[in-house]
Amino acid sequence: MPKPSASKAAAETGKTRRFISGVVEGFYGRPWTMEQRTELFQREQKWGLNTYLYAPKDDYKHRMYWRDLYSPEEAEKLVALITAAKKNGVDFIYAISPGLDITFSNPKEVATLKRKLDQVSGFGCSSFSLLFDDIETEMCPADKQAFSSFAHAQVAVTNEVFKHLGQPDTFLFCPTDYCAAFCTPNVSQSAYLHTVGENLLPGIDVLWTGPKVVSHHITVESIVEVSSVLKRAPVIWDNIHANDYDPQRIFMGPYKDRPTDLIPKLRGVLTNPNCEYYPNFVAIHTLATWCRSEGGRVGGQRDVEMSDDKAGSDPCYSPKRALTLALTDWLQEFLSTDQPGGPRPLNPTHLKKESSDEEPMQTDVGDPVYVPGSGDNPLFTAEPLTLDDLQLLSELFYLPYEHGSTARTMLTELDWLKAHREAVGEAETEMTAEWRSRAKCFDVMCVAVFTMFNRLSNAPNRSILYDLYNYICDIKSGVTLARAYVKQLGGQSRPSAQVMTDDPEPWGFRGGLSGEFQRMLPCHGNRDLFRHPPMTSVYSIRPFCPEDKTEIQKIHMEMQRGKAKAPAAALPALISDGLAGGQLSPSPNCGLVLEDERGVCGYALGLTDATAAALNNQRALPGDFPSLVTMQLHPRVTDPAPARRMIDSLLSLMKTSGSRGVFCELRQGDRRMFDFYSKLGSFTTLKMAGLPQDVVAMGTSL
């Protein structure tokens, strides 16, 4: 397919285009309603956002049945939605995801895709997106004959559709490798991304989620790197608030860990937030604050009020301040009645209504107000919801990589109280007094959670409550059990059946098949945000000795069997197989073994001169890297710290032995070790003659 001329490309890229900012409805699960989307457009206009990307995975005509045209009834709804977006100054981008089963080389398939987008164009839509995320990368036989790679197939169809639609001002492409973690061997050397960057027409923008699918941090350096490969600034599809991967989590913390220095390096940012519409108030509100914060630097001025006044903080954006602004606005929505027949009024004297205001089946109007006697239970009357309640709610349901401050404090206190429970049974000592004081503080925090729950449950806006109810019930249940356990430890109550029994009722624990699978796997618990010290086993590193060969061979063979999709004999051979398999001995003082309480669980071996071993495997050594290293860990080792210490020690030993540079070989399927070497920061990918097709070489100078 011919590329545009250089002058046209320059003209395209030289256009002044507004920064894309807004929301992508791109999660798995029940899509938002038409009414919620219309309300979203109004929020976006109010907060200064300008874009909505329509991509709900469970709209079957968006993804699974992408070939089907919309019915007249569906078309009417989409026309109304597009019209509402325009009315509020929001660019409506219609996305379609044909990658599940499209045959890229079949002209009829491409024509069907064009017909579908032509229909949506007729609805008044002028911005589009083609998504190829979360699909299989294996091409069908017909496409393998027509295209040299999966990337070439996607780019060819995308360019053709883009030109067919008249090269719209906004056209987004979502690659299959849409984050750094998916790129092989890395972003800068990804053949897939280079194909996209070199062949995708310059008027097409590329979506990118950052280092991971759900990225903790997105740095300027990482965006500069991917922009260089893609030959354009990406649009961030941000999953920081997405919760479709875990039905027990919801995220109401602020938009954070993205410096505002990113803004001039990006084409735009779209948040793909929680599946539940109403709890996304914080996610979208704080994103809008972040987007506006760059404006404070355009003329060299900085929004001093937004600064946290901390070393390393962003001078233009404070997540804490942005969260407070969002929660303050959100509180007003909680306190507004969203529908007739809200909760019981806070003041019982307000129960009487004018006859014209009576609702059907309302039989208590005019009844005398119940007044409890001196010995009766008082009437339950929840106080109005406060900003502090919403602050607590946000801290209990914060972000994927961190709990809020109150949640962290509660976990820390519970951990301390449990670890020092023996202090309660002793005579009154200083430790006993501290235990009881901290137990009292923990109880106060638990009561605050219960109070927040009651106030939320009584809030007039029931639509927000219903989206939150399962989550706040769940956290209330967990806090109730923790509080009962602490009271039991302190001798304030009898042992709780739900805490202590080995046969609790289903509501007293978090279970299900998924939970049982996770508890059987070695990685269970090592990603908890609250790390109980010590979280991992005690490891020791010692020198290799000949008697270790058998255990090293066992680990080597077990890892090969675990990673192979084919018989071990079909795996590409590595030079280091001889070291791990015992055919080669490591150089003197160039071998280390990792042990835990169960025995040998890892190794790091080196050859200071790998010339002979390379020749035997028909390799040509990279000139500045004459030495070979290999390292492997048993799957039960989930803590990367001992592995780092072991490889650092081995490299130091090899430098002492006279080596000036080392290399290692990795099979592309060994993602665990590839990620390990990549994150060390010193190892880079090498070009090495004779490497099998599925083998990557990495090296570092000493």
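As the structure is a computational prediction, the values presented were derived from the model and not from experiment.

A.B. asks: Looking at this structure, I do not really get the sheet that holds strand β14 (residues 684-686). What am I missing?
C.D. replies: The strands making up a sheet associate through hydrogen bonds between their backbones, and the pairing can be parallel or antiparallel. Spatially, the seven strands line up as an open sheet ordered β9-β10-β11-β12-β13-β15-β14, and their pairing is mixed. The open sheet has two free edges, formed respectively by β9 (540-543) and β14, since each of these has just one partner strand. Adjacent strand axes in the sheet meet at a mean angle of 30°, parallel and antiparallel pairs treated alike. Both β9 and strand β10 (residues 591-596) contribute to a ladder of four bridges, which runs antiparallel. Paired with Ser540 across the bridge in β10 is Glu595. Across the sheet, helix α20 (residues 640-656) lies against β9, β10, β11 (599-607), β12 (627-633), β13 (661-667) and β15 (695-701), angled at about 160° from β12, the strand it touches most.

A.B. asks: Explain a nonpolar patch on the surface here, please?
C.D. replies: A grouping of Tyr60, Met64, Tyr65 and Leu100 is seen on the molecular surface, where their side chains present a nonpolar patch of about 430 Å² in accessible area. For Tyr65, the position within the fold is in the loop between β2 (51-54) and α3 (72-87). Residue Tyr65 is classed as partly exposed on the basis of its relative accessible area, which comes to 45%.

A.B. asks: It is not clear to me how the confidence of the model for the protein chain should be interpreted in this structure. Could you clarify?
C.D. replies: Scored by pLDDT, the protein chain comes out at a mean of 86, with 85% of its residues at no less than 70. The low-confidence segment residues 295-309, where pLDDT is below 50, has 23 contacts with residues more than four positions distant or belonging to other chains. Contacts from residues 340-359, a stretch scored under 50 in pLDDT, to residues over four places away or in other chains number 20 contacts.

A.B. asks: Mind showing me how you'd approach the pattern of salt bridges here?
C.D. replies: Pairs can form between side chains of opposite charge once their charged atoms are near each other. Applying the stated criterion to the full structure yields 27 salt bridges. Here Glu74 ties to Lys61 by a salt bridge, and the two come within 2.7 Å at their closest N and O atoms. You can see Glu74 sitting in helix α3 and its partner Lys61 sitting in the loop between β2 and α3, a full 13 residues away along the chain. Several salt bridges converge on common partners, so that one network encompasses Arg17, Asp205 and Arg267.

A.B. asks: I would appreciate a short explanation of the sheet that holds strand β3 (residues 91-96) in the present structure.
C.D. replies: The strand order around the closed barrel built from eight strands is β1-β2-β3-β4-β5-β6-β7-β8, with neighbouring strands paired in parallel fashion. Averaged over all adjacent pairs, the angle separating strand axes in this sheet is 25°, with direction ignored. Bridge count between β2 and β3: four bridges; the pairing is parallel. Counted as the bridge partner of Thr51 is Asp91 from β3. The sheet strands contacting helix α2 (residues 34-47) are β1 (20-25), β2 and β3, and the helix crosses β2 at an angle near 155°. Each of β3 and β4 (127-131) touches helix α4 (residues 107-122); the most contacted strand, β3, lies at about 155° to it.

Criteria and thresholds
Residues numbered from 1 in each chain as written. Predicted model: local features only at pLDDT ≥ 70, side-chain atom pairs only at ≥ 80, totals over all residues. Heavy atoms only, no water. Pairing = 2+ DSSP bridges. Helix = DSSP H or I, 4+ residues; strand = E, 2+ residues; numbered from the N terminus. Axes fitted to C-alpha atoms, helices over the stretch in contact; angles between N-to-C directions. Contact = heavy atoms within 4.5 Å. Patch = residues over 30% accessible without salt bridge, like charges linked within 9 Å, V, L, I, M, F, W, Y side chains within 5 Å. Areas by Shrake-Rupley, 256 points an atom, 1.4 Å probe, with all protein chains shown as cover. Salt bridge = Lys/Arg side-chain N within 4 Å of Asp/Glu carboxyl O. Buried < 20%, exposed > 50% of the residue type's maximum accessible area, 1.4 Å probe, protein only. pLDDT = per-residue confidence, 0-100.

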